[in-house]
Amino acid sequence: MTVRRLSSLPVPELADGTVVLRRPEVADAATVLAGTRDPLVREFMQGVIPHQDLDTAERWLADIPARLWALDRAAYFTVASVTDGRAVGWAELVDLRPEEGAAEAAVWLLPEARSLRTATSALRLLCRFGFEQLGLGRIDAYAAADNMPVQVVGAYIGFRRAGFRPGLFRSSRTQALHDAVHATLTPGDLC
């Protein structure tokens, strides 16, 4: 299996009629600021540090996503509404492991954009990018055991439960340890 390097690809714009995944822009700073301060995002995602203000979020967007893409470390996308282009969330492939042909997927949405349709569209587009453009053979996802909506979104597009990991990650908001459900997706399983 040959996995393509992120740095060999331009950041694509991916759309499906519900959402668009596109290159993060400085203009998305208000969404990133709100997302990193959202209690649910911070409770159920590890390593989410809230930006101090809009300026900090703008500087982060101007530097980090493009740099990590160029270093083959992470594929970051803004999730935007297909109707008006407004940023409503974030999608990422991280923990890229080319030798295994694997990566880890995560998506978060602002409260007003949270729906099964929007979440599954964003996650499906992200996974299609991983399989079709990067050549991954497996995408992993971890969800807090008590975060059923995320588990439903994953199952809806074909993720299969692969295990249970007690105390796997620490909440960014409360520092509480969460047990996690590990799920995995292969190209043939993607719905």
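Heads up: the structure comes first, above all this text.
Predicted model only: the values in this text are computed from it and were never measured. (Residues numbered from 1 in each chain as written. Predicted model: local features only at pLDDT ≥ 70, side-chain atom pairs only at ≥ 80, totals over all residues. Heavy atoms only, no water.)

**Quick notes on the sheet that holds strand E3 (residues 75-81)**
Part 1 of the argument: Pairing in this open sheet of eight strands is mixed, and the strands run E1-E2-E3-E4-E5-E6-E8-E7 from one edge to the other. Here the strands that pair on one side only, and so sit at the sheet edges, are strand E1 (14-15) and strand E7 (160-170).
Part 2 of the argument: Where E1 meets strand E2 (residues 19-22), two bridges bridge the pair, whose relative direction is antiparallel. Its bridge partner being in E2, Ala15 is matched across the sheet by Val20. (Pairing = 2+ DSSP bridges. Helix = DSSP H or I, 4+ residues; strand = E, 2+ residues; numbered from the N terminus.)

**Regarding the packing of aromatic side chains**
Part 1 of the argument: Applying the stated criterion across every chain, the model contains six aromatic pairs.
Part 2 of the argument: Summarising the aromatic geometry, the rings of Trp69 and Phe77 are spaced 5.8 Å apart at their centres and angled 85° between planes, so their arrangement reads as edge-to-face.
Part 3 of the argument: For Trp69, a relative accessible area of 6% puts it in the buried group.
Part 4 of the argument: Classification of Phe77 by relative accessible area gives buried; the value is 0%.
Part 5 of the argument: Measuring from ring centre to ring centre gives 5.8 Å for Trp69 and Phe129, while their planes differ by 35°; the resulting arrangement is tilted. With Trp69 in helix H3 (residues 54-70) and Phe129 in helix H4 (residues 116-133), this pair connects stretches of sequence that are 60 residues apart. (Phe/Tyr/Trp six-rings, centres within 6.5 Å; stacked < 30°, edge-to-face > 60°. Buried < 20%, exposed > 50% of the residue type's maximum accessible area, 1.4 Å probe, protein only.)

**Details of unusual backbone geometry**
Part 1 of the argument: Phi at Asp95 takes a positive value of approximately 50°, unusual for a residue other than glycine.
Part 2 of the argument: Secondary-structure assignment places Asp95 in strand E4 (residues 87-97).
Part 3 of the argument: Taking relative accessible area as the criterion, Asp95 reaches 41% and is therefore assigned partly exposed.
Part 4 of the argument: Unlike most non-glycine residues, Gln175 shows phi in positive territory, near 70°.
Part 5 of the argument: The residue Gln175 is located in the loop between E7 and strand E8 (177-185) in this model.

**Some words on the packing of H4 against helix H5 (residues 148-157)**
When two helices pack together, you describe them by how their axes are tilted relative to each other and by the distance separating the axes.
Part 1 of the argument: Between H4 and H5, the shortest axis-to-axis distance is 9 Å and the interhelical angle comes to 55°. One finds that H4 runs oblique with respect to H5. With respect to the hand of their crossing, H4 and H5 are arranged in right-handed fashion. Of the residues in H5, those in contact with Leu116, Ala119, Thr120, Leu123, Arg124 and Cys127 of H4 are Val152, Val153, Gly154, Tyr156 and Ile157.
Part 2 of the argument: Of the residues that constitute the contact of H4 with H5, the class distribution is eight nonpolar, two polar and one charged. (Axes fitted to C-alpha atoms, helices over the stretch in contact; angles between N-to-C directions. Parallel < 35°, antiparallel > 145°, perpendicular 65-115°, else oblique. Left-handed = near helix turned anticlockwise from the far one by under 90°. Contact = heavy atoms within 4.5 Å. Nonpolar A, V, L, I, M, F, W, Y, C, P; charged D, E, K, R; others polar.)

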